[in-house]
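# Reading the structure
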Amino acid sequence: METKKSIRQIIRKQRKELDPIIWQSQTAEICRKTCELDVFREATDIYCYIDFGGEVGTRPLMLEAWKLGKTVWVPKVHGETMDFYEITSFDELKPGAYGILEPDAGIPASADDGLMIMPGVAFDTNRNRVGYGGGYYDRYLKSHPQLHTLALAFDMQVLFEVPAEEQDIKPQLLVTETNIYQEG
Ligand SMILES: Nc1nc2c(c(=O)[nH]1)N(C=O)[C@@H](CNc1ccc(C(=O)N[C@@H](CCC(=O)O)C(=O)O)cc1)CN2
Ligand SMILES: Nc1ncnc2c1ncn2[C@@H]1O[C@H](COP(=O)(O)OP(=O)(O)OP(=O)(O)O)[C@@H](O)[C@H]1O
């Protein structure tokens, strides 16, 4: 098996090279499928990353969530931790840690209910996840275990097998443009 480090290098490079038109259409398809799921429709609170570096786009999902009257929370990194803050428009974001768009700090989400939409660099068909290596999502989900979890990825990010460690938290669902991976 490849190491997490080599997987990060290879997949991040390939993902950045994805044609923008394909990125757009696959993002639209992944968001459309996600919005149809019960776990999305039933959530009143959506915790959603702001895509960067070629990650699956999340703007269509956020627009749909606002349209349905849901509360949308997005991450802001503080050193080794991350918290989520409510935004009501994309205009409230500005470049923060690692150049990722972030909200201003306000009142952090208690995150005791709702759906976490997770990014990732690579996954396998058992939903094991490799992220950028900060451990932010593993730590956040460990302290907010009630959240439902769903990750978004392009098919090219789903490998046969990726390394998983004890503390890694895998999403309950993984949605790609052609598949939905879940337990069982
Ligand atoms: N869209 C999005 N937002 C997110 C995450 C994510 O994976 N995706 N995160 C999920 O954790 C957190 C940010 N974590 C990150 C960790 C490392 C790098 C990164 O690019 N590291 C560089 C080294 C940069 C440096 O040290 O200055 C690298 O690996 O090349 C980016 C984000 C919170 N927000
Ligand atoms: N629950 C936790 N408590 C403390 N440290 C943790 C926890 N989970 C992960 N870590 C630490 O975070 C670091 C990165 O972990 P890992 O390689 O799994 O990150 P990742 O899942 O790729 O990143 P991210 O979640 O930010 O996308 C490791 O050094 C790991 O020990």
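Residues numbered from 1 in each chain as written. Chains lettered and ligands numbered in written order. Predicted model: local features only at pLDDT ≥ 70, side-chain atom pairs only at ≥ 80, totals over all residues. Heavy atoms only, no water.

### What to know about the site of ligand 1
What surrounds ligand 1 is a group of 13 residues, the closest being Arg12, Ile50, Glu55, Tyr132 and Tyr136. Here a nitrogen atom of ligand 1 sits 2.7 Å away from a polar atom, N or O, in the side chain of Glu55. In isolation ligand 1 exposes 690 Å². Once the protein is present, 69% of that is buried. The residue inventory of the shell around ligand 1, partitioned by class, reads 11 nonpolar, no polar and two charged. (Near = heavy atom within 4 Å. Polar contact = N/O pair within 3.5 Å; in protein donor to acceptor, adjacent residues only side chain to side chain. Areas by Shrake-Rupley, 256 points an atom, 1.4 Å probe, with all protein chains shown as cover. Nonpolar A, V, L, I, M, F, W, Y, C, P; charged D, E, K, R; others polar.)

### Focus on the UniProt feature "binding site: substrate" (unreviewed entry) in the chain
In this numbering, the UniProt entry assigns the feature "binding site: substrate" (unreviewed entry) to Ile50 and Glu55. As for the annotated residues named above, the ones lining the largest pocket are Ile50 and Glu55. Assignment of secondary structure puts Ile50 in the loop between strand E1 (45-48) and helix H4 (59-67). Among residues more than four places away in sequence, those in contact with Ile50 are Glu55, Thr58, Met62, Val74, Leu93, Ile100 and Leu101. Structurally, the position occupied by Glu55 is in the loop between E1 and H4. Other than its neighbours up to four places away in sequence, Glu55 contacts Arg15, Trp23, Tyr49, Ile50, Pro119, Tyr132 and Phe154. (UniProt positions renumbered as here; feature names shortened; annotations may be inferred. 1 Å grid on protein atoms, 1.4 Å probe; cavity = no way out; pocket = protein on both sides within 12 Å on 5 of 7 lines; lining within 4 Å. Helix = DSSP H or I, 4+ residues; strand = E, 2+ residues; numbered from the N terminus. Contact = heavy atoms within 4.5 Å.)

### Digging into the pairing of E1
Sheet faces and side chains relate simply in a regular strand, where the side chains alternate between the two faces. Of the two faces of E1, the one carrying Asp45 and Tyr47 and the one carrying Ile46 and Cys48 are both buried. Judged from the three bridges that link them, E1 and strand E2 (residues 71-78) form a sheet pairing that is parallel. Looking at E2, one finds that Ile46 is bridged to Val72. What joins E1 to E2 is H4, and the crossover it makes is right-handed. Pairing between E1 and strand E6 (residues 115-118): three bridges, direction parallel. If you follow Tyr47 over to E6, its bridge partner there is Met116. (Buried < 20%, exposed > 50% of the residue type's maximum accessible area, 1.4 Å probe, protein only. Pairing = 2+ DSSP bridges. Right-handed = clockwise from strand over helix to strand, strands pointing away.)

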